[in-house]
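# A closer look at the structure
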Amino acid sequence: MIKHNKRKSFKSVKMIKNKKVKMESHSATQHLRNDGIPFDASLIESIQINRSAVERRAATISTRRTVKKQWQAAWLLKAISCMDLTTLAGDDTRGNVLRLCAKAKSPVRKDILEALGMDKAGITTGAVCVYHNLIPYAVEALSDTNIPVAAVSTGFPAGQIELEDKLTEIRKSVAAGAKEIDIVISRALVLNSDWKGLYDEVAACRKACGDAHMKTILATGEIPTLTKVAKASMVSMMAGSDSIKTSTGKESVNATLPVTLVMVRMIREYLELTGYKVGYKPAGGIAKAKDALNYLFIMKEELGNDWLQPDLFRFGASSLLGDIERQLEHFVTGSYSASFRHPMA
C-alpha cells in the first residue's frame, strides 16, 4: 500500500533525494534468469479468466491510489528509470537515434533535477529501443553509459515470417550489439490454441538470444480473450522469456490495465511454481504521467517492490517522457509549460 503523509510540504522542493529513490544499475541483476521449464499442457488447461471480475479490479487502480507533491515527483522519476525510450518509425534516421540516445542519457532538464536535489542521482532511461538496422548508431551513442540497446526483432510488428528468418534476425541483432531483444510471437499459434507450437517458437528464440535479455510481445490487442492472453503469457514464460510484453504499439488496442492485471497474475503464478522472476513491459498508448503511475501502482500491489526496478519492469514509450518532464517542472515551478519545451529528441 502507498502511504500518504498528511504533514505540510517542505518549502524547498529539494527533498526528493531524501525519499531514497533507488535508481538501480542497468547491469545489476539480483535474481536468477528464467531458464524455462519443460512444456506441460496441464499447467494451462485449467486457466480461465473472468473478464468482468478483472475489469472491476482494474478499475479500482486509478481510484484507490494517488500520490501528490514530492511523493508524486519521486514516483515519476522512478517511471523514467523504467522506460524503454523508443523510436520505431518508418522515417527513423541516424540523426533521430542519436538525439534519442542523448535524451536517454539526460531525460530531465538539468535545472529541474537541480531544483529537485536529484542532479547527482544519475537518472537515465532503462534502455533505448530501435529497429535492427539502427542498432550500431545507438550502441555507439551509448558506449559511455550502462544503458542497454534493445532491438525489435522476428519480423516486427506482424511476425509474419518463417521461424528460421526470425532466428537469423535475432542473431544478427545480438551480433550488432543489442543487449535486449523484443520478439513478436506468431499470433496464429495463440488463435488456434497451438500451445506446444508457441512454446517451441519462443524457446527457439530464447536460444538464439544467448545472453541477451528477451522480451516476448504477445500483441494482446489481437488476442480475442483474456483467457488466451493468460495462457500465452504462461507458455511464453515456460519457454524461457525473461519478460513478457503487451504490444508492439502498432495494434489498434495496446496496453490496458485489465490485460496488465491478467499478465502480472500469471507472472506471480509462474514465480510460485518455479521460483523464477519474470519481467513485465506494457507498451503502446501510455502517453500521460498519470497512466504511468497507475502501472507502477499495479506492479507494487500485485508483485511487490522488485518489479519497480528496470530489470523487471519497463514501459515501452516515446511521448510519455515529455509529459513526465512537464509534470516535474510543474512541481518545481507551480506552472505547466508547453509541450515543445520538453522534446523527446
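Overview of the structure. Predicted model only: the values in this text are computed from it and were never measured. (Residues numbered from 1 in each chain as written. Predicted model: local features only at pLDDT ≥ 70, side-chain atom pairs only at ≥ 80, totals over all residues. Heavy atoms only, no water.)

### Digging into the sheet that holds strand 7 (residues 279–281)
- Taken together, the eight strands give an open sheet; going across it, the order is 7-6-5-4-3-2-1-8, and neighbouring strands pair in parallel fashion. Either end of the sheet is taken by a strand with one partner, and the two such strands are strand 7 and strand 8 (315–317). Strand-to-strand twist of the sheet, defined as the mean angle between neighbouring strand axes without regard to direction, takes the value 25°.
- Sheet analysis places strand 6 (residues 243–245) next to strand 7, joined by three bridges and oriented parallel. Residue pairing in the sheet places Lys245 in a bridge with Lys281 of strand 7. (Pairing = 2+ DSSP bridges. Helix = DSSP H or I, 4+ residues; strand = E, 2+ residues; numbered from the N terminus. Axes fitted to C-alpha atoms, helices over the stretch in contact; angles between N-to-C directions.)

### Digging into unusual backbone geometry
- The linkage connecting Phe156 with the following residue, Pro157, adopts the cis geometry, with an omega of 0°.
- For Ser193, which is not glycine, the phi torsion reads 55° and is therefore positive.
- Counting through the fold element by element, Ser193 comes out in the loop between helix 9 (187–191) and helix 10 (195–209).
- At Ala219, a position not held by glycine, the phi torsion is positive, near 55°.
- Mapped onto the fold, Ala219 is located in the loop between strand 5 (213–217) and helix 11 (226–238).
- For Ala219, a relative accessible area of 1% puts it in the buried group. (Buried < 20%, exposed > 50% of the residue type's maximum accessible area, 1.4 Å probe, protein only.)

### Some details on helix 11
- The end-to-end C-alpha separation of helix 11 is 18 Å, in line with the 18 Å expected for 13 residues at 1.5 Å each.
- Burial runs high along helix 11: 13 of the 13 residues are buried. (Expected span 1.5 Å × (residues − 1).)

### As for the side chain of Lys103
- Tracing the chain through its elements places Lys103 in helix 5 (residues 94–105).
- For Lys103, a relative accessible area of 12% translates into the label buried.
- Side-chain polar atoms of Lys103 contact the backbone oxygen of Pro107, separated by 3.3 Å. (Polar contact = N/O pair within 3.5 Å; in protein donor to acceptor, adjacent residues only side chain to side chain.)

### Quick word on the pairing of strand 1 (residues 83–86)
- Of the two faces of strand 1, both are covered, the one formed by Met83 and Leu85 as well as the one formed by Asp84 and Thr86.
- Where strand 1 and strand 8 come together, three bridges link them in parallel fashion. Bridge assignment links Asp84 to a residue of strand 8, and that residue is Gly316.
- When strand 1 meets strand 2 (residues 127–130), the two strands line up parallel, connected through three bridges.

### A closer look at the environment of Phe313
- On the secondary structure map, Phe313 appears in the loop between helix 13 (289–302) and strand 8.
- The exposure class assigned to Phe313 is buried, which follows from its relative accessible area of 0%.
- Separated by 230 residues in the primary sequence, Phe313 and Met83 have C-alpha atoms spaced 8.4 Å apart.

### Some thoughts on the environment of Gly122
- Examined against the element boundaries, Gly122 turns out to sit in the loop between helix 6 (110–116) and strand 2.
- Exposure remark for Gly122: the relative accessible area of 55% places this residue in the exposed category.
- Residues Gly122 and Lys105 lie 17 residues apart in sequence; the distance between their C-alpha atoms is 8.8 Å.

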